[in-house]
Each structure stands twice: as structure tokens, then as C-alpha cells.
Amino acid sequence: MSSHQRPRELSPQEKERIYSFRDKYYYSPRYSDDQYEYRHVSLPKEMLKYIPSDFFTDKGTFKILTEDEWRSQLGITQSLGWAHYECHAPEPHILLFRRPKN
């Protein structure tokens, strides 16, 4: 499977299983540099086994997800403007987000 292929839409049952972990999501405080505001979202490690493999790269990290994928498929909630831009291989359950500073 190409790493550029988008993950499939989750079934209602898959979403329900994944959403059951939402109260365990950790949203970091925001931090920034001259250009961007950043934060990371840590998902429960035990949740990863319920996320279909097409959400991940061959290296086992999340693909860079669109807003619809992280918001409506994984249930991550944050204000508008955030973009998933990176994953950290040693910790595949942590998604890194940023948005331009105003």
C-alpha cells in the first residue's frame, strides 16, 4: 500500500471503539516559535491496536492525517487552524500539531 493513500472511513463500530478512549487523550499545553504555535496530542497506547493499519506508515507511525481524519475519525478535538504535521517514531501514539501564529 502506498504511504500516500488515504486511510479508509472507519465503520460505526470502529469509531465507537476508538471514541471510547477519548477521555484518555492528553492535549499538551501550547508552545511556540516565531512562526508557529505547537501542541501534541498523546493517544492511549492501548488504543493503537484498534486503529486500522492504513492509518499508519510502513514504519509504524501515523500517516500525516487530514483534519477530517484526526477530528472525525479519531475524535481529536481542538480549535480551528491546527494541522497534523509530524509523528515521532519512538512514540507512535503522539501526534504533533501546529498552526501559524496570527
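Please refer to the structure placed before this passage.
A look at the overall build of the chain
Part 1 of the argument: Across its full length, the chain carries two helices and five strands.
Part 2 of the argument: Scanning the chain from its N terminus toward the C terminus, one meets helices and strands in the order α-β-β-β-α-β-β.
Part 3 of the argument: The principal-axis extent of the C-alpha atoms belonging to the chain is close to 40 × 30 × 25 Å.
Part 4 of the argument: Counting the 102 residues in the chain, one finds 39% classified as buried.

Brief notes about the side chain of E69
Part 1 of the argument: Take E69: it is sitting in helix 2 (residues 67-73).
Part 2 of the argument: According to the relative accessible area criterion, E69 is buried, its value standing at 7%.
Part 3 of the argument: Here T66 takes part through its backbone nitrogen, which lies 2.8 Å from a polar atom of the side chain of E69.
Part 4 of the argument: Contacts of E69, omitting those with residues within four sequence positions, involve R6, P7, I64 and L74.

How each quantity is defined
Residues numbered from 1 in each chain as written. Predicted model: local features only at pLDDT ≥ 70, side-chain atom pairs only at ≥ 80, totals over all residues. Heavy atoms only, no water. Helix = DSSP H or I, 4+ residues; strand = E, 2+ residues; numbered from the N terminus. Buried < 20%, exposed > 50% of the residue type's maximum accessible area, 1.4 Å probe, protein only. Polar contact = N/O pair within 3.5 Å; in protein donor to acceptor, adjacent residues only side chain to side chain. Contact = heavy atoms within 4.5 Å.

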